[in-house]
Amino acid sequence: MNLLQYCSIFVLIVVSANCKNVPSVEEVCSKLLSKDLKKEISSYKDVTNEIIKYVREGEFKGVTYDELAKFVDTFGPRPSGSQELEDSIDYMIEITKKEGIHDIVTEELEVPHWVRGEEKITMLEPRTKDIALLGLGKSVSTPTEGITAEVVVIEDFTELETKSVEGKIVVYVPVFTTYSDTVPYRSQGAARAAERGAVASLVRSITPFSINSPHTGSQYYEDDVTKIPTAAISLEDADMIKRLYERGEKVVLNVKMTSTLDTKISRNTLVDLKGSGNPEKLVIVSGHIDSWDVGQGAMDDGGGLFISWAAPVVLKRLNLIPKRTIRAIFWTTEELGLVGAYDYEERHRAENGNINFIMESDEGTFSPTGLEVSGNQMARCIVGEVLKLFKSINASTLVEKGEYASVGSDIGVLTKTGIPGAGLLNENEKYFWFHHTEGDTMNVESPEELDLGTAFWTAAAYVIADLSIDIPR
Ligand SMILES: *[C@@H]1O[C@H](CO)[C@@H](O)[C@H](O)[C@H]1NC(C)=O
Ligand SMILES: [Zn+2]
């Protein structure tokens, strides 16, 4: 039974007429969008196809992949506060200037600089075994000799309340369902375990798949709770520890971790292709330039960074200057707490009313399928109509989120203030296999899929930036 049927049966009793004919998106939008506006949007078909052709078959074919590969091979991972990150920002500015785009601004801000040292977990009982791990962001160090303690396996936070974990190492073993459902065990696990007296906390990596690969990520201590060392372990080791524990075996681990934490100055980078009619109005495309300290940060978020870099570059090369300004933003320090995005929102608060639409790609740049849109009904209908221009590349899916909804990590900071925006939808079913691991390298990326991403991102931003009307809010 689908929701509509359920709705009509249920509501029939309560307020009969109301739910009987719940209109589809198509019906709602056909009432909201004027014939003229639909005609105007469909008139962008030729320019959309020109962009797609230029990127997929013309001079830009393979460029996104090649440039991304050169970038990640040169700088490697780009953790917040590192010199590599700052050098990579300088490099992005340099390659943008080479394209004849000189409206580039960097905005300095203070960011955390957490450096992973040595990390080792040894299972001491019931037998000796090395446990694969990656410390979580900002984790504190252990004493030199490490922390040796017995394990308590915890399946969920409810169970944590019922078990004694005083002086123990908590091992969270949530089975991956969705990222948002399971990630709290990584992000809040240490704080919650420490509150109950645990001496360290480990989490089964937040991923559906593993070849003994731990996945790092951010975690947040709470001010009034002891900071305990915390790390992610592989699915294989977590599940083995769980099986041993459930058989009643005493599992003892020695956890040794070192790290340092201070602050540094980093930069958000803003690249503008000035609009021809209303240059003060902005359509933003964005991705984050920082990454975790493992792998190459090719997928997270090198791909999003490079399709966003490519949008003004491709338009400039094709001499397609929309009415509104296209601004590419390379966010700094997404991974350690959206620090760049918060800085941008605050710094530009007085003029953020000029953001007409804001886009972000930070969940992979595999074949694009459409956009997840935050905004009012009219805004969503307009974007849905624009997406119809992308049927030829199968990127017409509109996923509707309400006003103030988050449709991306960095841009969520802005869309939750009511600015309409969109996150890239793509065939990212395997995204979390590689996310925050040594496996996030160019081997995950495909030239053809990146070309589709660049073509879609560029053309969608162009059309929205050139329309005769603003995206309403
Ligand atoms: C779009 O989907 C069709 C049908 O599945 C397929 O033949 C075509 O290759 C796809 N196009 C792209 C660009 O992926
Ligand atoms: Zn990311």
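Being a predicted model, the structure only gives us computed values, none of them experimental. (Residues numbered from 1 in each chain as written. Chains lettered and ligands numbered in written order. Predicted model: local features only at pLDDT ≥ 70, side-chain atom pairs only at ≥ 80, totals over all residues.)

Chemist: How would you summarise the domain arrangement of the protein chain if you had to cite specific residues and measurements?
Modeler: Interface size, as often reported, equals the accessible area lost upon joining of the parts. Along its sequence, the protein chain is carved into domain 1 (29-103 + 274-466) and domain 2 (113-261). Each partner contributes residues to the interface: domain 1 has 15 residues there, and domain 2 has 14 residues. Along the lines of polarity and charge, the residues of the side of domain 1 that touches domain 2 split into five nonpolar, seven polar and three charged. (Domains from an automatic or database assignment. Contact = placed C-beta atoms within 7 Å. Nonpolar A, V, L, I, M, F, W, Y, C, P; charged D, E, K, R; others polar.)

Chemist: How would you explain the UniProt feature "domain: Peptidase M28" (unreviewed entry) in the protein chain if you had to name every residue and give the values?
Modeler: Within this numbering scheme, the UniProt entry marks residues 268-451 as carrying the feature "domain: Peptidase M28" (unreviewed entry). Overall, residues 268-451 shows 30% helix and 27% strand. The separation of its end C-alpha atoms is 25 Å. (UniProt positions renumbered as here; feature names shortened; annotations may be inferred. Helix = DSSP H or I, 4+ residues; strand = E, 2+ residues; numbered from the N terminus.)

Chemist: Tell me what's going on with the nonpolar core, and back it up with residues and numbers.
Modeler: Grouped together as the largest cluster of nonpolar side chains are 90 residues, with contacts concentrated most on A311, V314, V383, V386, F456, A461 and I464. Looking at this core element by element, the count peaks at twelve residues for helix α17 (residues 447-466). Other than its neighbours up to four places away in sequence, V386 contacts I41, A460, V463 and I464. In this structure, V165, L202, V203 and I233 belong to the second largest nonpolar core, which totals 38 residues. (Core = buried A, V, L, I, M, F, W, Y, C linked by C-beta atoms within 7 Å. Buried ≥ 20, exposed ≤ 12 C-beta atoms within 10 Å, placed from the backbone.)

Chemist: Please provide a residue-by-residue account of the confidence of the model for the protein chain, values included.
Modeler: Looking at the protein chain, pLDDT values average 95 and 96% of them are 70 or higher. Throughout residues 1-18 the model reports pLDDT below 50, and contacts reaching past four residues in sequence, or to other chains, amount to eight contacts. (pLDDT = per-residue confidence, 0-100.)

Chemist: Explain the packing of helix α4 (residues 45-56) against α17 to me, using residue names and the numbers behind them.
Modeler: Where α4 contacts α17, the two axes come as close as 9 Å, and the packing angle between them is 155°. Compared by their axis directions, α4 and α17 come out roughly antiparallel. Read as a crossing pair, α4 and α17 show a hand that is right-handed. Of the residues in α17, those touching α4 at T48, I51, I52, V55 and R56 are D451, T454, A455, T458, A459, Y462 and V463. A class-by-class count of the residues in the contact of α4 with α17 yields seven nonpolar, three polar and two charged. (Axes fitted to C-alpha atoms, helices over the stretch in contact; angles between N-to-C directions. Parallel < 35°, antiparallel > 145°, perpendicular 65-115°, else oblique. Left-handed = near helix turned anticlockwise from the far one by under 90°.)

Chemist: Tell me about α17, and please be specific about residues and values.
Modeler: Compared with an ideal rise of 1.5 Å per residue, which puts 20 residues at 28 Å, α17 spans 28 Å between its outermost C-alpha atoms and is within 8% of the ideal. Of all 20 residues making up α17, 17 are buried, and the element is well covered by its neighbours. (Expected span 1.5 Å × (residues − 1).)

Chemist: Before we move on, can you summarise the packing of helix α5 (residues 63-75) against α17 with the specific residues and values?
Modeler: The contact between α5 and α17 brings their axes to 7 Å, and the two run at 110°. As far as their axial angle goes, α17 and α5 are roughly perpendicular. Along the contact surface, α5 presents T64, Y65 and L68, while α17 presents P447, L450, D451 and T454. Here the contact of α5 with α17 is composed, by residue class, of four nonpolar, two polar and one charged.

Chemist: Could you give me a rundown of unusual backbone geometry, with the residues and numbers involved?
Modeler: Here the residue pair E125 and P126 is connected by a cis peptide bond, since its omega of 5° sits within 30 degrees of zero. Along the chain, the position of P126 falls in the loop between β1 (104-125) and β2 (129-131). In this structure, K138 takes a positive phi of about 65° despite not being glycine. Turning to its location among the elements, K138 is positioned in the loop between β3 (133-135) and β4 (147-154). Classification of K138 as partly exposed rests on a count of 18 C-beta atoms within 10 Å. If you check the backbone angles, N319 has positive phi at about 55° while not being a glycine. Within the secondary structure layout, N319 lies in the loop between α12 (298-317) and β10 (324-331). Overall, N319 belongs to the exposed group, with 6 C-beta atoms counted inside 10 Å.

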